[in-house]
Amino acid sequence: MGKNLKEAMKMLEDSQRRTEEENGKKIVSGDIPGPLQGRYENGCAYFHEEEREGLAKICRLAIHSRYEDFVVDGFDVLYNKKPVIYLSAAARPGLGQYLCNQLGLPFPCLCRVPCNTMFGSQHQMDVAFLEKLIKDDIERGRLPLLLVANAGTVAVGHTDKIGRLKELCEQYGIWLHVEGVNLATLALGYVSSSVLAATKCDSMTMTPGPWLGLPAVPAVTLYKHDDPALTLVAGLTSNKPADKLRALPLWLSLQYLGLDGIVERIKHACQLSQRLQESLKKVNHIKLLVEDELSSPVVVFRFFQELIGSDPVFKAILAPNMAPSTVGRERHSCDVLNRWLGEQLKQLVPASGLTVMDLEVEGTCVRFSPLMTAAVLGTRGEDVDQLVACIQSKLPVLSCTLQLREEFKQEVEGTAGLLYVDDPNWPGIGVVRYEHANDDKSSLKSDPEGEKIHAGLLKKLNELESDLTFKMGPEYKSMKSCLYIGMTSDDTDISELVETIVVTAREIEENSRLLENMTEVVRKGIQEAQVELQKANEERLMEEGVLRQIPVVGSVLNWFSPVQALQKGRTFNLTAGSLESTEPIYVYKAQGAGVTPPATPSSIRTKPRLPGQKPFKRSLRGSDALSETSSVSHIEDLEKVEHLSCGPEHITVEASSPEGHPGAPIPEKADQTAAQCPEDGCPQVEEPESLR
């Protein structure tokens, strides 16, 4: 390491001495380290920590080159002829604002170029529209200054038509700057023509740190310019040794990896992308957004499902008749499910380095960019295979949930007492809220009574041990409690689910009201009992007289003439809700039975199910998936369950009816049997096992 540091310092001193002797001659392409030697000829290098800093310095250089009096007149020159910087609509977010802040330019100096809408990729710059914008700016007296092109957009990794853009820039004298992740493929033996055209641009920014998995190494901006004085004014060159030491970490890292190590890491990342892309082409319901970019190290995919049908004839007929709200709702449902899929894959395969992003046209997608993450996370081919397997395992859950969302919404909207809540961030079947009697629909504040009902409902549903997951939380844009129903991977009986929810919620509400009413009745009964006891004491005083209340006189009087009074009290009947006297209890030495209390309502009413069948699953009756023997046995079990559910009365009647004489009366037959058989002479017939 010490030897390498000495060699590096010696190279920097020789470079500084040569610069002073030649009065600021440019650095030839042979001084650019790494595998780009021979690709970007006659270029200079500027090393910087912030990725966008190099582009800001290039803009300064372009301003000094096009405005000769800028050093003397300053902003007055720009005011008379405003510069225009062209950025693609697919450029990194915040790039234009950063350039204006660094250069002191107003935002009208930025021009956003849209991407293709009719032909080509929807993430590539529209060259024809760009030429129209340039002509319009020239007619308005503006100066087209600089164009920023993408060799691999930040979102999906698409490359602009750099060759055509270079011709357009040479025609109008515009500086062409290129950036993007696909510039890393310039180190490989085979490079696509669109990326190879970037070597003819005026400048480019590269980030070898993420590409090679090297922390704390600077980014590099390569540029071509013949005037060293302007590059010095723009800040691209410096005579300070501290500025030149910025390249030391990168130089040492490249020396450690060597040319073969650099090429191997970039090649490995590209192979991972191609491996995932080829595997996902064979998976149904997965759409790739980079099919035309065979050399792109970025793979973007999303889950989708045909909602109308696979027949294009039905699509052409039914699609125009669908309401825009329905199409937008289905699109939003797919976005929510794709966001859930991306988060699940990130947890299951952390070495993949996946990211979830929202695109303007396609919606929510999942991006795999191994060139930016594989070197750091150590992504291997086995991780890609595991990622594909996880995607295939999640597809049945996504497909079934997407199909049941609309059915659940219609079922809830058709059920009284339930309100469907449209939560845009919930990936499950849906969200529902039970509307109790005292629910204020216009208020968005918290509802304690509703929260209590939903808490009990959540507890009851979780006790069923079904495959569905339930959770309680506040309503979207409100503080009221709701019931969130999770995803499902099997055919779920939505009608049974909704019926169970509303019946259970009503029973919880009724039990809560019964308890509140009982509390009120008890309170009133206690008050009434106190009043009656007070009246009884007053009556007792009137009967006994005043003399008996005097301490000494009363004792003597009671000794000569004792008072025989019954003990009087009050009892409260909770069933009848009435106040009764305790005299019968003391007289008969027993407490009355009172009124029989009403039967307690059952907790949850469920349909008869087969043995082992979980709740909310559709019946297997008539299913083609069962074999002949198994289907017959399962149907017989289901019939037995339905038969036994009719009650014990039905079984007793069938058991007591005689086999040989179906029309004979039952009582007469019983009398004849008792007359013919003596008490001990007739053998006792054992009850069949099925009727026990």
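Nothing here was measured: the structure is a model prediction, and the numbers come from that model.

Asker: Explain the overall build of the protein chain to me, using residue names and the numbers behind them.
Answerer: Within the protein chain, the secondary structure is distributed over 23 helices and 17 strands. The burial tally for the protein chain puts 41% of its 692 residues in the buried class. Contacts in the protein chain between residues far apart in sequence, at least 24 positions, make up 66% of those at least 6 positions apart. Summed over its atoms, the accessible surface of the protein chain is roughly 39,700 Å², and 54% of this surface lies on carbon and sulfur atoms.

Asker: Describe in detail the nonpolar core, supporting the description with residues and values.
Answerer: Ranked by internal contacts, the top residues of the largest apolar core, which has 57 residues, are Tyr86, Leu130, Leu147, Val178, Leu183 and Ile266. Top contributing element to this core by residue count: helix 12 (residues 248-280), with seven residues. With near-sequence residues (within four places) excluded, leucine 183 lies in contact with Ala151, Val178, Val195, Ala198, Met204, Thr205, Met206 and Trp211. Core analysis: the second largest hydrophobic core is formed by 30 residues, Leu341, Ala374, Val384 and Leu395 among them.

Asker: Give me the lowdown on the sheet that holds strand 14 (residues 470-474), citing residues and values where you can.
Answerer: Taken together, four strands build an open sheet; the order of strands is 12-13-15-14 and the sheet is antiparallel. Two strands in the sheet have a free side with no partner beyond their single neighbour: strand 12 (418-421) and strand 14. Each strand of the sheet is rotated relative to its neighbour by a mean of 35 degrees, with strand direction disregarded. Relative to strand 15 (residues 481-485), strand 13 (residues 430-434) runs antiparallel, the two being bridged by three bridges. When the bridges of strand 15 are listed, valine 431 appears paired with tyrosine 484. Packed onto the sheet, helix 16 (residues 381-413) meets strand 12, strand 13 and strand 15 and runs at close to 145 degrees relative to strand 12. The strands touched by helix 17 (residues 448-462) within the sheet are strand 13, strand 14 and strand 15, with strand 14 carrying the most contacts at an inclination of about 165 degrees.

Asker: Any chance you could break down the layout of surface pockets for me, citing the residues and the numbers?
Answerer: In this structure, the second largest pocket encloses a volume near 580 Å³. Contributing to the lining of the second largest pocket are 27 residues, with Ala89, Ala90, Ala91, Arg112 and Glu360 lying nearest its centre. Among the elements of the structure, strand 2 (83-88), helix 5 (95-103), strand 3 (110-113) and strand 10 (355-359) are those that each provide at least two residues to the lining of the second largest pocket. If you tally residues by element for the lining of the second largest pocket, the top one is strand 3, at three residues. Across the lining of the second largest pocket, the residue classes break down as 14 nonpolar, seven polar and six charged.

Asker: Give me the packing of aromatic side chains: which residues, what numbers.
Answerer: Evaluation of the coordinates by the stated rule reveals two aromatic pairs. A cation over a ring is seen here: arginine 52 above tyrosine 98, with NZ or CZ 4.2 Å from the ring centre. Above the ring of phenylalanine 129, the side-chain terminus of lysine 132 is found at 6.0 Å from the ring centroid.

Asker: I'd love a proper account of the sheet that holds strand 9 (residues 299-303), names of residues and values included.
Answerer: Where strands meet in a sheet, backbone hydrogen bonds hold them as pairs that are either parallel or antiparallel. Across the sheet, which stays open at both edges, the four strands sit in the order 8-9-11-10 with antiparallel pairing between neighbours. Pairing within the sheet leaves two strands with one partner each, and these edge strands are strand 8 (286-288) and strand 10. Shown here is a sheet whose adjacent strand axes are inclined to one another by a mean of 35 degrees, direction ignored. Both strand 10 and strand 11 (residues 363-368) contribute to a ladder of five bridges, which runs antiparallel. Its bridge partner lying in strand 11, methionine 357 is registered against cysteine 365.

Asker: Lay out the side chain of arginine 405 in plain terms, naming residues and giving numbers.
Answerer: Within the element layout of this structure, arginine 405 appears in helix 16. With no salt bridge to any partner, buried arginine 405 finds its closest opposite charge in aspartate 422, at an N-O distance of 5.6 Å. What arginine 405 contacts, discounting residues up to four positions off in sequence, is Ser333, Trp426, Pro427, Gly428 and Ile429.

Asker: How would you summarise helix 7 (residues 162-172) if you had to cite specific residues and measurements?
Answerer: Side chains that are three or four residues apart share a direction in an α-helix, a result of its 3.6 residues per turn. All buried positions along helix 7 are accounted for by Ile162, Leu165, Lys166, Leu168, Cys169 and Tyr172. Looking straight down helix 7, one finds its buried side chains confined to an arc of 165 degrees; they lie on one side. Within helix 7, the exposed residues directed more than 90 degrees away from the buried face are Glu167, Glu170 and Gln171. For helix 7, the elements touching its buried residues are helix 6 (127-139), strand 4 (143-150), strand 5 (175-179) and helix 8 (193-196).

Asker: Hey, could you go over the environment of aspartate 227 for me, with residue numbers and the actual values?
Answerer: Position of aspartate 227 among the secondary structure elements: in the loop between strand 7 (219-223) and helix 10 (228-234). The class of aspartate 227 is partly exposed, set by a relative accessible area of 31%. For the pair aspartate 227 and serine 65, spaced 162 residues apart in sequence, the C-alpha to C-alpha distance is 9.1 Å. Within the local environment of aspartate 227, its side chain forms a polar contact with the backbone nitrogen of alanine 229, the two atoms lying 3.1 Å apart.

Asker: Tell me about the environment of histidine 268, residues and numbers included.
Answerer: You can see histidine 268 is positioned in helix 12. Spatially, the C-alpha atom of histidine 268 lies 9.4 Å from that of threonine 379, the residues being 111 residues apart in sequence. Here histidine 268 is in contact with Thr379 and Arg380, once residues within four sequence places are set aside.

Asker: Requested: an account of the pairing of strand 13, with residues and values cited.
Answerer: With respect to burial, strand 13 is a largely interior element, five of its five residues being buried. Residue alternation in strand 13 divides its side chains into two sets, Gly430, Val432 and Tyr434 and Val431 and Arg433, and both sets are buried. As paired elements, strand 12 and strand 13 share four bridges and run antiparallel to each other. Looking at strand 13, one finds that leucine 418 is bridged to tyrosine 434.

Asker: Run through a nonpolar patch on the surface, naming residues and quoting values.
Answerer: Side chains of Ile550, Val552, Val553, Val556, Trp559 and Phe560 sit close together on the surface and give an oily, nonpolar patch of about 660 Å² of accessible area. Among the structural elements, tryptophan 559 can be located in helix 19 (residues 551-560).

Asker: Just give me the short version of the environment of lysine 166, but keep the residues and values in it.
Answerer: The residue lysine 166 is located in helix 7 in this model. Between the C-alpha atoms of lysine 166 and alanine 198, which are 32 residues apart in sequence, the distance is 8.7 Å. If we skip the residues at most four places from it in the chain, lysine 166 touches Leu176, Lys200, Cys201 and Asp202. At 3.3 Å, the side chain of lysine 166 forms a polar contact with the backbone oxygen of lysine 200.

What counts and what doesn't
Residues numbered from 1 in each chain as written. Predicted model: local features only at pLDDT ≥ 70, side-chain atom pairs only at ≥ 80, totals over all residues. Heavy atoms only, no water. Helix = DSSP H or I, 4+ residues; strand = E, 2+ residues; numbered from the N terminus. Buried < 20%, exposed > 50% of the residue type's maximum accessible area, 1.4 Å probe, protein only. Contact = heavy atoms within 4.5 Å. Areas by Shrake-Rupley, 256 points an atom, 1.4 Å probe, with all protein chains shown as cover. Core = buried A, V, L, I, M, F, W, Y, C linked by side-chain atoms within 4.5 Å. Pairing = 2+ DSSP bridges. Axes fitted to C-alpha atoms, helices over the stretch in contact; angles between N-to-C directions. 1 Å grid on protein atoms, 1.4 Å probe; cavity = no way out; pocket = protein on both sides within 12 Å on 5 of 7 lines; lining within 4 Å. Points joined across faces, edges and corners; volume = space filled by probe spheres on them. Nonpolar A, V, L, I, M, F, W, Y, C, P; charged D, E, K, R; others polar. Phe/Tyr/Trp six-rings, centres within 6.5 Å; stacked < 30°, edge-to-face > 60°. Lys NZ or Arg CZ within 6 Å of the ring centre and 35° of its normal. Lys, Arg positive; Asp, Glu negative; His and termini not counted. Salt bridge = Lys/Arg side-chain N within 4 Å of Asp/Glu carboxyl O. Arc of directions from axis to C-beta. Polar contact = N/O pair within 3.5 Å; in protein donor to acceptor, adjacent residues only side chain to side chain. Patch = residues over 30% accessible without salt bridge, like charges linked within 9 Å, V, L, I, M, F, W, Y side chains within 5 Å.

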